[in-house]
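Structural overview for review
What follows is each chain in one-letter form.
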Amino acid sequence: RVIASDRMQIIPGSLKHTIGDTGTCVGGVDVCDADALNKLFHEHADENTTVWNLAAPLSVETAMDPAVAEAVTVGGMEKVLNAMKTVGARRICFTDSIGSFGATAPRRGATARWLHENPDQDPGSDYGRQKRSCRNLMAQFARDHGGDPRFAVLPGVLHSEPVWGNGTTEYALDALLAAPHQQTKHGLPASSAFVCPVDPDVRMPMVYVNDLMRGLIALQDADEAMLTEPQRGYCIPGLSFTPNELFAEIRKHHPGFGFRVELDENMNQFARIWPDELSTTEALRDLGYSPKVGLSDMVTHVLAAHEDLNQKTAQAFKAMDTDSTGMLNRTQIEAHIRKYLVQGREDYSHTGQDAVGDLVDKLMDELDTKKEGFVSWWSFTEWNRRSSLDEEVWKKVHDVQEELRKQIRELGAVPRV
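Residues numbered from 1 in each chain as written. Predicted model: local features only at pLDDT ≥ 70, side-chain atom pairs only at ≥ 80, totals over all residues. Heavy atoms only, no water.

Brief notes about the sheet that holds strand E8 (residues 204-208)
Ordered by their spatial adjacency, three strands build an open sheet running E6-E8-E10, and the pairing between neighbours is mixed. Edge positions in the sheet fall to strand E6 (156-158) and strand E10 (239-241), since each has one partner strand and no second. Neighbour-to-neighbour, the strand axes of the sheet open up by a mean angle of 40 degrees, direction not taken into account. Where helix H8 (residues 209-221) meets the sheet, it contacts E6 and E8, and its direction lies at approximately 80 degrees from that of E8. (Pairing = 2+ DSSP bridges. Helix = DSSP H or I, 4+ residues; strand = E, 2+ residues; numbered from the N terminus. Axes fitted to C-alpha atoms, helices over the stretch in contact; angles between N-to-C directions. Contact = heavy atoms within 4.5 Å.)

Brief notes about the nonpolar core
With 69 residues, the main nonpolar core has Phe101, Leu246 and Met298 as its most contacted residues. Take this core: its biggest share by element is eight residues, from helix H4 (residues 66-87). With residues up to four places along the chain from it excluded, the contact list for Phe101 reads Ala110, Thr111, Trp114, Leu115, Gln121, Pro123, Val153, Cys235, Ile273, Trp274, Pro275 and Leu278. Core analysis: the second largest hydrophobic core is formed by 16 residues, Ala314, Ile333, Val375 and Phe380 among them. (Core = buried A, V, L, I, M, F, W, Y, C linked by side-chain atoms within 4.5 Å. Buried < 20%, exposed > 50% of the residue type's maximum accessible area, 1.4 Å probe, protein only.)

Structural notes on the confidence of the model for the protein chain
Predicted confidence across the protein chain gives a mean pLDDT of 86, with 85% of residues reaching 70 or more. Within the model, the stretch residues 343-352 combines pLDDT values under 50 with six contacts to residues more than four positions away or in other chains. Here residues 413-417 is a poorly scored stretch, pLDDT under 50, and it has three contacts once near neighbours within four places are set aside; other chains count. (pLDDT = per-residue confidence, 0-100.)

Describing the sheet that holds strand E5 (residues 148-154)
Taken together, the four strands give an open sheet; going across it, the order is E3-E4-E5-E9, and neighbouring strands pair in parallel fashion. Of all strands in the sheet, those with a lone pairing partner are strand E3 (50-53) and strand E9 (233-235), marking the two edges. Averaged over all neighbouring strand pairs, the angle between strand axes comes to 20 degrees, with direction disregarded. Note that E3 and strand E4 (residues 91-97) share four bridges and pair parallel. Bridge pairing in E4 places Asn53 opposite Phe94.

The following block contains the structure:
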């Protein structure tokens, strides 16, 4: 049974749907809050629980605020381990990163063992140093408390989801998202050239999410006796490529894809010191894992997923853009919501139309960030990566229903469901 917790009070519906009846979602648990963690473990864990600690900012986020990252990554790990001790849980799995490797690390065939054998190497960033601190905490947990810690050194993670964090290898996801927008399609404006933030000839290791999940589950489920690597640490290899190689593959689907280079200081520094490729030997030998997804298949799958989302977004945009200007104003958005998205039975005492004005105000605040009075196609697509008009309407309906129930309770009546 899976217990998924996060510091967000309201767990995303997509996660709840994925877990379904096989688990429980618990919101409002901050990894920096020892009391909240202890409560979580006492209510949902025991000595047979396997813990995954995934709380950690990405490389660029860490560089922007090292103190916060230290509190979350290292402080959070310490509090998680302490909470595990209170219920006797032994097994914890941790996602380490290629950011742990510094300039002296092997360029090819990098292993988690190398990190163990070179504990004083300089990873060249707070990000890498914080990962090392977590490995040290887990080693102490194993030594002093008989724990069973395991860690996976991850390369850049590739996927077809519409949102991601602020890391270095995420340039590839940014490029794949931008590619379909560089051609005039769906009768809507095209975007400008993609801005590449790293040297286009630097090779970095990546892994597609389907391969990654197979590797992580194999590490989680492996018998202790099968894990022969120091500190039970393993690289999870995938594929490696340069930006130029990625862009060439993208052009097979979008021949007009263009880019220009504007180096980001932090991202380019990380890209240059991290290994080109990860070793495949250890994970295959002990976990039975080897990657299956190559560059061509990855690009094909991700672009297809983005195109499907773009098509749905374009249909919504064009339905509102009644004068075909490529821009939306408040009146058009409000008319669309009132006509198409307020549905179902209503009565004289409660109508969904009553809540539309407040909802449109909220949407304009989010969509029209420059307060120009209109929303461009590009702004709308960016917003749709994280939200949708349908979702926002249903959130508003839920809020209205909750307010009505509250008023009824205060009047001493029993609401009908």
